[in-house]
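Inside the fold
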Amino acid sequence: MGTTVYERRRPAASVIERSVADTRQSVFWLEDVPDEAKQPRPRLEGTRVADLAIVGGGYTGLWTAVLAKRADPDRRVVLLEAKQVGWAASGRNGGFCEASLTHGRDNGLSRWPAEMDELDRLGLANLDAIEASEAEFGMDVEFERNGSLDIAVEPHQVEWLHEAAADAASRGDDSVRLLDEHQVRAELDSPVFLGAVWNTRTSAILHPAKLAAELARVAEEAGVEICEHSPVTRLDTPGSTGVVRLTTEHGRVDATRAVLATNVFPSLLKRNRFMTVPVYDYVLMTEPLSAEQQASIGWAHRQGVGDMANQFHYSRLTRDGRILYGGYDAIYHAGGRMRTRYEDRPESFARLASHFFTTYPQLEGLRFTHRWAGAIDTSTQFTAFTGLARDGRVAYASGFTGLGVASTRFMAETMLDLLAGRETERTALEMVRSRPMPFPPEPAASVGINLTRWSLDRADHRQGRRNLLLRTLDAVGLGFDS
């Protein structure tokens, strides 16, 4: 079996050790919000009556609250968050805001080929709406629509770039630019970059925690009551009352309709317990680059960056000139358990540091200030799903699989349509009307997920050639293609 570029060009161990010596286990984004956004909100005490109750204070729940009040300012909306708004995936992701609703065009084509053009159009409109929301709601989320670079770092991936560019051209999409090795290194200089496609229109970067904080501010100013430290322990829809009852340790909400936006955390609906699994992703953040360091790599257009391997890396610049670098390892723990201790995995951080300096050897001496991790809500269709339960009184969305910054807004709109019984172009989609396959129970889930991860790594070592397991998963419509 061959080697990857990250094995062929390893930096010296001393370079890695120095770079992570002073790194602290902390989420940079959550530190980097205004002090007023860090102030705790009261927990739910007593009983509330609402038109709409929302469980979950991440992007999905917050967008639902904001859009519900925009559509009907008199609607009584209560949002319940188990810890603090934006503390989980919404506050610790890479800040890539992508138009794709299907985790990439290839994944969408494999599942909903007849709808792909419509899904592309709706995804682009959704990204446009997020960009417009800064002005509409007076938000500052550091939104930069700079596009993204899909990078080839192995010779076999260069052919994939040409295929992607040819596909875009065949559809009349002039927003995809093919870059050869010289051109990509003129954009972002790395000796391992062999080419790229620059998606100039369908991608942006933003500040993840500021987006959550600003959505919460907008929601509260519109009259939404947000209760933190209020985990919901029970969901009931008693008899013919038409009520959805959400119970916490210190209170309850009786609502006409409810939205479950709990992302990777166990669903309050039994039917959804096996629909997602938590997969841990790891991230490093550098100190700010000096002017000389910045000049050595270029990156004047500040695009988001991802390579084309199965076990891929992603990187982007912050407003103050740091580099976020994450990905590669995707770790599932037996039983689908989520534990704070899983977030500190020294071998993953050391591996990321090694790959970083393989990619940017001219930055040797740069130090990492922050390291963190988060759990991704992975679904078998590799993108989000939504639906209704309890006689149409409860809507849910989950399974964003690491590409949810933008699509959470789309799913919020879709859930509001579903709850209202509106027939729209969103609710008519097969992607919305169908459900993905559930994951099997343990121990089959652990065996299957870890075998799949091993197979993806093997494919990266074999010029992208997929083994029998991956080909079988492709054939039955499971994910694991990115």
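Refer to the preceding data block for the structure.
Quick caveat: nothing in here was measured; it's all calculated off a predicted structure.

Another point: the overall build of the protein chain. Secondary structure summary: the protein chain contains 16 helices and 19 strands in total. Scaling as 2.2 N^0.38, a compact globule of 482 residues should have a C-alpha radius of gyration of about 23 Å, and the protein chain matches this with 22 Å. With respect to the three principal axes, the spread of C-alpha positions in the protein chain is 65 × 50 × 45 Å. Of all 482 residues assigned to the protein chain, the portion counted as buried reaches 57%. Pairs at least 24 apart in sequence give 75% of the contacts found in the protein chain among residues at least 6 apart. Summing over all exposed atoms, the protein chain offers an accessible surface of approximately 19800 Å²; the carbon and sulfur share of this is 51%.

Moving on, we get to unusual backbone geometry. Residue Pro-443 follows Glu-442 across a cis peptide bond; omega there is 5°. Within the secondary structure, Pro-443 sits in the loop between α14 (430-433) and α15 (444-460). Unusually for a residue other than glycine, His-229 sits at a positive phi of about 50°. Tracing the backbone shows His-229 in the loop between β9 (225-227) and β10 (234-236). On the basis of relative accessible area, His-229 is assigned to the partly exposed category, the value being 43%.

Our focus in this paragraph is the pairing of strand β15 (residues 313-317). Burial runs high along β15: five of the five residues are buried. Burial along β15 is two-sided: the residues His-313, Ser-315 and Leu-317 and Tyr-314 and Arg-316 are all buried. With two bridges connecting them, strand β14 (residues 304-307) and β15 associate as antiparallel partners. Across the sheet, Val-305 pairs through a bridge with Ser-315, a residue of β15. A loop of five residues connects β14 with β15, the two strands running antiparallel in sequence. Pairing of β15 with strand β16 (residues 323-331) involves five bridges; the strand directions are antiparallel. Paired with Leu-317 across the strands is Ile-323, a residue of β16.

Moving on to the packing of aromatic side chains. Inspection of every chain in the model, using the stated rule, returns 13 aromatic pairs. Note on Phe-96 and Tyr-314: the rings are 5.7 Å apart at their centroids and 80° apart in plane angle, and the pair reads as edge-to-face. Of this pair, Phe-96 sits in strand β4 (residues 96-98) while Tyr-314 is found in strand β15, placing the two residues 218 residues apart along the sequence. Classification of Phe-96 as buried rests on a relative accessible area of 15%.

Let's shift gears to the sheet that holds β16. A sheet is described by the order of its strands in space; here nine strands give the open sequence β1-β17-β13-β16-β15-β14-β5-β7-β6, paired in mixed fashion. With partners counted over all chains shown, the strands left at the sheet margins are β1 (24-25) and β6 (176-179), one partner each. Strands in contact with helix α12 (residues 346-359) are β1, β13 (277-286), β15, β16 and β17 (368-378); relative to β16, the strand with the most contacts, it is inclined by about 130°.

This part is about the pairing of strand β12 (residues 251-260). Residues in a regular strand point their side chains to alternate faces of the sheet. Most of β12 is tucked away: seven of the 10 residues are buried. Pairing analysis gives nine bridges linking strand β2 (residues 46-55) to β12, with the strands arranged parallel. Paired with Ala-53 across the strands is Ala-258, a residue of β12. Both strand β11 (residues 244-247) and β12 contribute to a ladder of four bridges, which runs antiparallel. Residue pairing for β12: Thr-247 is matched across the bridge by Arg-252. Connecting β11 to the next strand, β12, in antiparallel fashion are three residues. Pairing analysis gives three bridges linking β12 to strand β19 (residues 394-398), with the strands arranged parallel. Directly across from Leu-260, in β19, lies its bridge partner Tyr-396.

Conventions and cut-offs
- Residues numbered from 1 in each chain as written.
- Predicted model: local features only at pLDDT ≥ 70, side-chain atom pairs only at ≥ 80, totals over all residues.
- Heavy atoms only, no water.
- Helix = DSSP H or I, 4+ residues; strand = E, 2+ residues; numbered from the N terminus.
- Rg over C-alpha atoms; globule rule 2.2 N^0.38 Å.
- Buried < 20%, exposed > 50% of the residue type's maximum accessible area, 1.4 Å probe, protein only.
- Contact = heavy atoms within 4.5 Å.
- Areas by Shrake-Rupley, 256 points an atom, 1.4 Å probe, with all protein chains shown as cover.
- Pairing = 2+ DSSP bridges.
- Phe/Tyr/Trp six-rings, centres within 6.5 Å; stacked < 30°, edge-to-face > 60°.
- Axes fitted to C-alpha atoms, helices over the stretch in contact; angles between N-to-C directions.

The values are spatial; any link to function lies outside them.
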